[in-house]
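Next come the chains, spelled out residue by residue.
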Amino acid sequence: MGRVAAPCSGPGRFVSFLTAVPCLPCKQQQRRRRRHQSAAVDRSRMSELGKSAASTPVSGTQAPGSDTYKGWLFKWTNYIKGYQRRWFVLSNGLLSYYRTQAEMAHTCRGTINLATAHIDTEDACNIVLSSGGRTYHLKASTEVERQRWVTALELAKAKAIRMMNDQSDDSADEEPTSQSDNSEIHGTLKTLASKLDDLSTCNDLIAKHGAALQRSLSELESLRVPLEGGEKIKSVNERATLFRITSNAMINACRDFLDLAESHSRRWQRVLQHEREQRTHLEETIEQLAKQHNSLERAWREAPSHTVNTPDTPTTDTGVSERPRKEEASDEDEDTEYFDAMEDSPAFITVTATDPSQHRHSQSNLSGASGGHPNDWNQEDNCSMSSNDFSGKELQPHSRRTQIPEKPNYSLNLWSIMKNCIGKELSKIPMPVNFNEPLSMLQRLTEDLEYHELLDKAARCENSLEQMCLVAAFSVSSYSTTVHRTAKPFNPLLGETYELDRLEEFGYRSICEQVSHHPPAAAHHVMSQRGWTLWQEITIASKFRGKYLSIMPLGAIHLQFHASGNHYVWRKVTSTVHNIIVGKLWIDQSGDIDIVNHSTKETCQLKFSPYSYFSREVPRKVTGVVMDSDGQAHYILSGTWDDKMESAKIVQSSRGSSSSEGKQKTVYQTLSPKLLWKKYPLPENAENMYCFSSLALTLNEEEEGVCLTDSRLRPDQRLMEAGRWDEANSEKQRLEEKQRATRRRREAEASEAIDEGREFEGYKPLWFHQRTDERTGETMYVYKGGYWEAKERQDWRMCLEIF
């Protein structure tokens, strides 16, 4: 009671005063009104769905917000065919062209990278694109079309340059993936996802309208009043119409999705088949190259041996050409494989004198006599530069080991590991110990002292030019141990050290320390009681280029003799490991070494000739000239870096005839060559012991009292030497992860110090510090002392725990 009755506008005018609800006819009208409104909304949604499907851009047009621009342009082909119509696609900074649109699925006729391209417009309709040695001459049909393309190209170029500059160092270590392929895949997946959303919408609508149609049919069956029959039939017809429209939309969406999936499936199958064919072709090519390599090697071995020069017969040697010193390895060096020995032009020719007596009193004809001693070429050398002292090693009072456990015969698929390493810095690649030898880089650096007696003899020389010859022979001798050593030494951990104490046996002590990890750098200091001191800082830059591995040592080697004060400086050459993927590994040395005596300004230029299948020269050949401060040549050096070096004194020089290249060669007449250095034979069974020399076999021998960071105590290296490679791999991963954790901790401490405004002292080596060399002006790590004193006290409290 007390409620106001709601007015009713229906035909019956019946209303309940208790509930204030409409009468029955009004309720039926409201239900019909709601059904009509719902049907109208569903028709609107289906109409919008159909419009969106119809508005999808077709091939050859640019969708709003898309980075892809497509269209027809005329491309200059040749003078016979002139301009030809081609289909061009601009996507992700790359402009590609095809003969037809259908070719986009399988064949690309050419691609140019806009990041490095130059865009030019010749006239109203022409466009010229040039990048490197590739140039496209294009023509649009109208000036407006040309302007559209130029705008699209400029925008794409700017974006490509921006993307290239934004790449981080970490992303550069990853194997690059084609940006256009990624964009295309993402676009396809986005389109398929959109089609799936359409299918889901249609499915919901079908379910809804199906349920409504079922209700209408149920209501139709329960009708008893003829008056309501017409309205129910009309409602059922509307439901059936909506259901038919929705079902047709569902069928069309399914058809579109199926067509799209099938087209892309066929395309991906063609791409996959093409990649398989390319892989098969590559494997066949590599196999063919390997067979050619082996056949050429057999042919060379079966060919008659080269004639051996004798003192009574004229000899000709190719010389070296003066080249600027290379402080760093250039990109061109990284991408060059050294097979151009045949193209090198000889800078001089040497002829051995047949009768030295005819020159005894011909001082006026001497081109380069030693200073102050015009006739000393006929006398005994002041330091006896002969092979007598190099026929064998000195007696060793200490008993050193002469063998190590033999190398296990483990098979390994090299390509499966190396294919993901192309273009990366070698020191950043996690390599298993299968590619290593059980020595660290510090120990390999110490192997330069294999022929230390050359420096002992040079220290006794009174003539600086003769001393230079022995120093040059020593610089070459350091490569003799690498001819069969294709395995990679262990990368030292930061702070790792290595000592070699041969004071009682050979009069010298050597200490190495890893002073930097990125880039990897090692400092080395050797002090000899026999009159010389050697120090060096070497940074290894290495690149894997698929077919070969280039190792470029950066840094200078310093040698000073105590008695004369002569200070020599030189740098190492590039080492190249060939046949990384297929064939037998072999190593080559190539480049120039310029040795400078900063005390007297005398120089020696050594040239390491790269190996070539087609060259008639002796493999691994080294030639050089020793000159005084005035540039006059005094000695000719010749030999091979894996066997021996000889020196011949120049007694006369003259200008010869011009060569085929128009260069005038210098002819040097020399005395009979004298042996400076001869390689020691390898120990017995060396091929099963990593081809180690006698010194290398002793480098990892356990010794008491060494520093806690010494390479001899490195567990993964020790396990590998014992033949337990699986355990060595696990231990190597543990040590590397420990080093990364230490580096992250230091970086966090440095960041915290910066935030707090404090000074942070980074890592500093324990036994070396940076100083500027007075003679060369270079900053390098030099020994600051204290190591041997700490060893004598056995006080290693300052050492870090790196193992």
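Attention here is on the structure that accompanies the text. (Residues numbered from 1 in each chain as written. Predicted model: local features only at pLDDT ≥ 70, side-chain atom pairs only at ≥ 80, totals over all residues. Heavy atoms only, no water.)

1. Notes on the overall build of the protein chain
Using the following cut-off: Where helices and strands are cited, they refer to DSSP runs of H or I of at least four residues and of E of at least two residues respectively, numbered from the N terminus. Each residue is assigned to one of three classes by its accessible area relative to the maximum for its type, calculated with a 1.4 Å probe on protein chains only: buried under 20%, partly exposed between the two thresholds, exposed over 50%. Working rule for contacts: check all heavy atoms of both residues, and any pair within 4.5 Å makes them a contact.
What the protein chain contains, in helices and strands, is 15 helices and 27 strands. Classification of the 803 residues of the protein chain by burial places 44% in the buried group. The long-range share in the protein chain, meaning contacts at least 24 apart out of those at least 6 apart in sequence, stands at 60%.

2. Thoughts on the pairing of strand E4 (residues 110-113)
Consecutive side chains along a regular strand alternate between the two faces of the sheet. Spelled out, the test is: When DSSP finds at least two bridges between two strands, those strands are taken to pair.
By the alternation rule, side chains of E4 split into Gly 110 and Ile 112, which are all buried, and Thr 111 and Asn 113, of which none is buried. In this sheet, E4 lies alongside strand E3 (residues 94-98) in antiparallel orientation, the contact comprising 4 bridges. Bridged to Ser 96 within E4 is Thr 111.

3. Some remarks on the nonpolar core
Note that soluble globular proteins tend to have their nonpolar side chains buried in a common cluster. Put simply, the test is: By nonpolar core we mean a set of buried residues, namely Ala, Val, Leu, Ile, Met, Phe, Trp, Tyr and Cys, connected to one another through side-chain atoms within 4.5 Å.
Core analysis: the biggest nonpolar cluster contains 66 residues, and Trp 532, Leu 559, Trp 570, Ile 595, Leu 606, Phe 608 and Leu 637 have the highest contact counts within it. Per-element tally for this core: the top contributor is helix H10 (residues 464-477), with 9 residues. Leaving out residues up to four positions away in the same chain, Leu 637 has contacts with Cys 469, Ala 472, Cys 604, Leu 606, Val 622, Thr 623, Gly 624, Val 626, Met 645, Glu 646, Ser 647 and Leu 676. Counting 20 residues, the second-largest nonpolar core is a separate cluster that includes Leu 90, Tyr 97, Ile 127 and Tyr 136.

4. Regarding the sheet that holds E3
The condition is simple: Only the stretch in contact is used when fitting a helix axis, every axis being a line fitted to C-alpha atoms; angles between N-to-C directions are given from 0 to 180 degrees.
Reading across the sheet, the 7 strands line up as E4-E3-E2-E1-E7-E6-E5 and stay open at both edges, with antiparallel pairing between neighbours. Of all the strands in the sheet, the pair left with one neighbour each is E4 and strand E5 (118-120). With direction set aside, neighbouring strand axes in the sheet form an average angle of 30°. In the sheet, E5 pairs with strand E6 (residues 126-131) via 3 bridges, with the strands oriented antiparallel. Bridged to Ile 119 within E6 is Leu 129. Contacting strand E1 (69-78), strand E2 (82-91), E3, E5 and E6, helix H2 (residues 143-165) crosses the sheet at an angle of about 100° to E1.

5. A look at the environment of Gly 639
Relative to the assigned elements, Gly 639 resides in strand E22 (residues 633-640). Overall, the relative accessible area of 18% leaves Gly 639 in the buried class. Leaving out residues up to four positions away in the same chain, Gly 639 has contacts with Arg 620, Lys 621, Val 622, Lys 644 and Met 645.

6. Details of the pattern of salt bridges
Here is the rule: Whenever a carboxyl oxygen of Asp or Glu lies within 4 Å of a side-chain nitrogen of Lys or Arg, that contact is scored as a salt bridge.
All told, the structure shown has 38 salt bridges when counted by the stated rule. A salt bridge links Arg 109 to Glu 103; the shortest N-O distance between them is 2.6 Å. Two residues, Glu 721 and Arg 718, come together in a salt bridge whose shortest N-O distance is 3.2 Å. Taken as a pair, Glu 721 and Arg 718 lie in helix H13 (residues 715-721) at a separation of 3 residues, close to a single helical turn. Comparing Glu 721 with Arg 718, the two get one shared label, buried. Connected through shared salt-bridge partners, Arg 400, Arg 502, Glu 505, Glu 703, Asp 710 and Arg 712 make up one network.

7. Looking at unusual backbone geometry
With an omega dihedral of 0°, the bond running from His 518 to Pro 519 counts as a cis peptide bond. Tracing the chain through its elements places Pro 519 in the loop between strand E12 (508-516) and strand E13 (521-528). Unlike most non-glycine residues, Lys 601 shows phi in positive territory, near 65°. Following the sequence through the fold, Lys 601 ends up in the loop between strand E19 (586-597) and strand E20 (602-608).

8. Regarding the pairing of strand E16 (residues 557-561)
When you tally the buried positions in E16, you get 4 out of 5 residues, the bulk of the element. Relative to E16, strand E14 (residues 532-544) is paired through 5 bridges, and the arrangement is antiparallel. Pairing of Leu 534 across the sheet is with Leu 559, part of E16. In this antiparallel pair of consecutive strands, E16 and strand E17 (residues 567-570), the connection spans 5 residues, and Gly 565 shows a positive phi of 75°.

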